[in-house]
Amino acid sequence: MDFSKCWLDYQPIECKEKAFSTLSVLCDGRVVKSAVEEYCLAMEAMTGAVVEVTPEGGRECVSLRLDAALSGADSYEICREGDGYRITGQSESGVLYGVFEFLRLVRTGHLASLPLVNGPEMPLRIMNHWDNMDGSIERGYSGNSFFYRDYEILCDERTEQYARLMASIGINAVVINNVNVHQRETYLITDTYLEQVKEYADLFGRYGIRLYTSVNFAAPMELAGFDNCDPLNPEVAQWWKETAAHIYEVIPEFGGFLVKADSEGRPGPFTYDRTHADGANMLARALAPYGGIVIWRCFVYNCGQDWRDKKTDRARAAYDNFIGLDGCFDDNVILQIKNGPMDFQVREPVSPLFGGLKKTNMILEVEIAQEYTGQQIDLCYLLPMWREILDFDTCAAGEGSTVRRIVNGELYGQKLCGMAAVINTGDDYNWTGNDLAAANTYGYGRLAMNPSQSSESIAREWTALTLGGEVEDTVTQMLMGSWSTYEKYTSPLGIGWMVTPHYHYGPDVDGYEYDRWGTYHRADWRGLGVDRTPAGTGYTDQYNEPWRSVYADRTKCPEELLLFFHYVRYNEKLRSGKTLIQHIYDTHFEGVEEVEAMAETWRQLAPKLAPDVYGRVKERLERQLANAREWRDRINTYFYRKCGIPDEKGRKIYE
């Protein structure tokens, strides 16, 4: 097992298929060339035979073809043809995706499932990198950047390997720098770095991936000495038009800009009493002549809140800032909306913006990097969470108005939509620090390509490709239970935020309770939770019915979100019959027990795994167990000291 190759580690297989040794290429183009190279590399590694590449067809071969009539952009069809196989793509990218799919079927022994017609459901499938040019990664938990080092751009074998990995899971857009654009990164759109950025664009382009950069809204001030960056200032707009024209002169296939504005200290249109539509449209009009896109993040809130103020609610912010602008954005603007209203917590309700906006392009933003879910130390397979989000019915246009149908373009007929993820890769040998954390990277791409595929089947697929079929059942079971386990020993019932400030790993129950970030649990001696009903912050009113009423009703609110929406007394009974405080005690003990069981399960797999893989994951599970115990003891002790109600089961709680 070579984890530097992740799921593209092509191990030898038993092969009786003569067709695999001949590749008939009946189409051309640079992306097709990459597909051919991948096929040859894989088959030669798996079978030991050199692949003959020919422009002629035949009965015993694998053939690659283009057919623009195939239904769906970048779709593909794989079928048997004579004594061989035919891979047909609607586009060059479709051919590439088809080749990767074919290789997966060969490696997992599932060729009997043919014929197969498939294609990407989400139009845009984006990876957001939070890499900085000094080589650091904001919220990076697997080493330093492989894009940058000491303010230099790296373009080497590792970046090509990265492009291959992303193409293999269907990614078609990559943002190469942090949304918090620092001084040097502001120059990425200038001649200081454009030729080097072009190298990335060309590399990604060979794999059907478009390159985007995060831009500094105040770039005209920092780069050109303007005294403002008012989006309605004609000189500012003209500067961006000239800048965009030059970018596309150097990089004709440039994708566009990602923008974080008016958030957490970033500059934006609010400074000039302008709207976010004013800011986004100004940039969009600069990019429009070249087919460029502006992706505008909706993570906008008051980060200087007074904890004494119980009416101002961070959860309300995205909806309050953007719902009144629905229909005001240009056609090449996309709003990038976090899955929940707060910030990638282990449990949040779905952002109400998905159910509110109807005339605006939307992308669902999730976080592969486990900022609040264990930081790739603790095992936390996130696909079950993302599946719940995609399947959530917003009731925006009647029953069946799921987030999935909104962000795949089906509900409102939009083409600029899809999913974006904050990725978890770094320059660690295994890319993701914890070998098992790569399941989230792989799974995100596969889910964005085909949201109907189950979380379990993706986990099985990843395990078979990376660890082997012998451990497939056991590791899949570990992955599938890990999100629930993590939730049990951390924050109860949707409350969130009980983490160490800034680092966001490990428990600190009051770490954010009296801070400026709007991240409160409101615990006192009687109970805890945030009242977001109409009698409280009014956040529940941002949802469509029936969710508005369901969330506002203490007796109907889903219990996994109970404390997100309601203040609940410790002695109140939940539907299980347990009191709130007993639920807190029980789940935190259960979470630790489940981590102990996972660690023991992994120990039993030792004879079936490569020693280095076994050792790396074993070390992470030991750290996770220590973390889970610390969470259990701090949370249980904290709430015992608040309420004085003992554990009914008499377990050790520190007084």
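About the cut-offs
Note that residues are indexed from 1 along each chain, following the sequence as it is written. With the structure being a predicted model, the display of local features is reserved for residues of pLDDT at least 70 and the display and counting of side-chain atom pairs for 80 or more, all residues being used for whole-chain, interface and lining totals. Water and hydrogen atoms play no part in the side-chain values, which are based on all heavy atoms of the structure. Helix numbers and strand numbers start at the N terminus; a helix is a DSSP run of H or I with at least 4 residues, a strand a run of E with at least 2. Throughout, the radius of gyration refers to the C-alpha atoms, and the reference size of a globule is 2.2 Å times the residue count to the power 0.38. Between buried and exposed lies partly exposed: a residue is buried under 20% and exposed over 50% of the maximum accessible area for its type, with that area taken using a 1.4 Å probe on protein chains only. A contact between two residues is defined here by any heavy atoms of the two lying within 4.5 Å. Using a 1.4 Å probe, accessible areas were evaluated by the Shrake-Rupley method; residue-level cover was limited to the displayed protein chains. Under the convention used here, Asp and Glu are negative, Lys and Arg are positive, and both His and the chain ends fall outside the count. Just so you know, the charge point we use is NZ for Lys, CZ for Arg, CG for Asp and CD for Glu. Axis definition: a line fitted to C-alpha atoms, over the contacting stretch in the case of helices. Angles run 0 to 180 degrees between N-to-C directions. An angle counts as roughly parallel when it lies under 35 degrees, as roughly antiparallel when it exceeds 145, as roughly perpendicular when it falls between 65 and 115, and as oblique in every other case. When residues are grouped by polarity, Ala, Val, Leu, Ile, Met, Phe, Trp, Tyr, Cys and Pro land in nonpolar, Asp, Glu, Lys and Arg in charged, and all others, Gly among them, in polar. Here, a strand pair is defined by DSSP locating no fewer than two bridges between the strands. Here a Phe, Tyr or Trp ring, Trp counted by its six-membered ring, pairs with any other such ring whose centre lies within 6.5 Å, and the pair is stacked when the planes are under 30 degrees apart, edge-to-face when over 60, and tilted otherwise. Here, patches come from residues exposed beyond 30% relative accessible area and free of salt bridges, joined within 9 Å for like charges and within 5 Å for nonpolar side chains (Val, Leu, Ile, Met, Phe, Trp, Tyr). Any Lys or Arg side-chain nitrogen located within 4 Å of an Asp or Glu carboxyl oxygen qualifies as a salt bridge. Among buried residues, those of type Ala, Val, Leu, Ile, Met, Phe, Trp, Tyr and Cys that are joined through side-chain atoms within 4.5 Å constitute a nonpolar core.

All right, on to the overall build of the chain then. Scanning the chain from terminus to terminus reveals 18 helices and 18 strands. Taken over C-alpha atoms, the radius of gyration comes to 25 Å for the chain, in line with the 26 Å a tight globule of 655 residues would show. Principal-axis analysis of the C-alpha atoms gives the chain an extent of 80 × 65 × 50 Å. Per-residue burial over the chain gives 62% buried out of 655 residues. Within the chain, contacts between residues at least 6 apart in sequence are counted, and of these 71% link residues at least 24 apart. For the chain, the exposed surface amounts to about 24000 Å²; the carbon and sulfur share of it is 47%. For the chain, the distance from the average position of its 67 positive side-chain charges to the average position of its 96 negative side-chain charges is 5 Å.

All right, on to the packing of helix H2 (residues 92-108) against helix H3 (residues 157-168) then. Following both chains from N to C, one finds H2 and H3 inclined at 85°, their axes separated by 9 Å at the closest point. When the interaxial angle is binned, H2 and H3 end up roughly perpendicular. Facing Leu96, Tyr97, Phe100 and Arg104 of H2, the residues of H3 in contact are Arg164, Ala167 and Ser168. Of the residues in the contact of H2 with H3, the class split is 4 nonpolar, 1 polar and 2 charged.

Before going further, it helps to spend a moment on the side chain of glutamine 624. Note that glutamine 624 resides in helix H18 (residues 611-643). In this view, glutamine 624 contacts Ile377, Asp378, Leu379, Tyr489, Val595 and Met598; residues no more than four positions away in its chain are not counted.

Pairing analysis gives 6 bridges linking strand E4 (residues 76-81) to strand E5 (residues 84-89), with the strands arranged antiparallel. Across the sheet, glutamate 77 pairs through a bridge with threonine 88, a residue of E5. The hairpin turn running from E4 into E5, its antiparallel successor, is 2 residues long, and glycine 82 in that turn takes a positive phi close to 65°.

On inspection of all chains with the given rule, the structure shows 39 aromatic pairs. When the ring of tryptophan 7 is compared with that of tyrosine 442, the centres are 5.1 Å apart and the planes differ by 65°; the resulting orientation is edge-to-face. With tryptophan 7 in the segment before strand E1 (22-25) and tyrosine 442 in helix H12 (residues 438-449), the pair connects residues that are 435 residues apart, well separated along the chain. In this structure tryptophan 7 comes out as buried when scored by relative accessible area, which is 3%. Residue classification places tyrosine 442 among the buried residues on the basis of a relative accessible area of 0%. Ring centres 6.3 Å apart and planes at 5° place the aromatic pair tryptophan 602 and tyrosine 614 in the stacked group.

What follows covers a negative patch on the surface. A surface patch of like charges, here negative, comprises Asp191, Glu195, Glu199 and Glu249. The residue glutamate 249 is located in helix H6 (residues 234-250) in this model. Given the relative accessible area of 62%, glutamate 249 is considered exposed.

On to the nonpolar core, then. Phe102, Met127, Phe204, Trp240 and Trp462 are the most contacted members of the largest nonpolar core, which has 215 residues in total. It is H18 that contributes the most residues to this core, 11 residues altogether. Look past the residues within four positions of phenylalanine 102 in its chain and what remains in contact with it is Phe20, Tyr39, Met43, Val62, Ile78, Tyr85, Ile87 and Leu111.

Next up on the list: the sheet that holds E4. The 6 strands are arranged E2-E1-E3-E5-E4-E6 in an open sheet whose pairing can be described as mixed. Pairing within the sheet leaves two strands with one partner each, and these edge strands are strand E2 (52-54) and strand E6 (116-118). Between one strand and the next, the sheet's axes are offset by a mean angle of 15°, whatever the strand orientation. Helix H1 (residues 30-47) contacts E1, E2 and strand E3 (62-66) of the sheet and is inclined by roughly 175° relative to E1.

This next bit is on the pattern of salt bridges. Considering all chains together, one arrives at 46 salt bridges under this definition. For arginine 59, the salt bridge is made with aspartate 83, and the minimal N-O distance between the two is 3.4 Å. Taken together, the residues arginine 59 in the loop between E2 and E3 and aspartate 83 in the loop between E4 and E5 connect sequence positions 24 residues apart. A salt bridge links aspartate 633 to arginine 632, with the shortest nitrogen-to-oxygen separation between them at 2.9 Å. On the basis of relative accessibility, which here comes to 16%, the residue arginine 632 falls in the buried class. Among the charged side chains, a network of salt bridges with common partners joins Lys578, Asp586, Asp647, Lys649 and Arg651.

Position of serine 576 relative to the elements: it lies in the loop between strand E18 (568-569) and helix H17 (580-604). On the accessibility criterion, serine 576 (52% relative accessible area) is exposed. Taking the C-alpha atoms as reference, serine 576 lies 9.9 Å from glutamate 559; in sequence the two are 17 residues apart.

The subject of this paragraph is the sheet that holds strand E13 (residues 293-297). With parallel pairing, 8 strands are arranged side by side around a closed barrel as E7-E10-E11-E12-E13-E14-E15-E16. Neighbour-to-neighbour, the strand axes of this sheet turn through a mean angle of 25°, independent of strand direction. Inspection of the sheet shows strand E11 (residues 210-214) paired to strand E12 (residues 256-259) by 3 bridges, in the parallel sense. In the strand pairing of E12, serine 214 is matched with leucine 258.

The omega torsion across leucine 114 and proline 115 is 5°, close enough to zero to call that bond cis. Along the chain, proline 115 falls in the loop between H2 and E6. Each neighbour pair has its own omega, and for glutamate 545 with proline 546 the value is 10°, a cis peptide bond. On the secondary structure map, proline 546 appears in the loop between strand E17 (527-528) and helix H15 (547-552). Backbone geometry places aspartate 150, a non-glycine residue, at a positive phi of 50°. Tracing the backbone shows aspartate 150 in the loop between strand E8 (148-149) and strand E9 (152-153). Overall, the relative accessible area of 56% leaves aspartate 150 in the exposed class. For glutamine 375, which is not a glycine, the phi torsion comes out positive at approximately 55°. For glutamine 375, the location among the structural elements is in the loop between strand E15 (361-367) and helix H10 (383-391).

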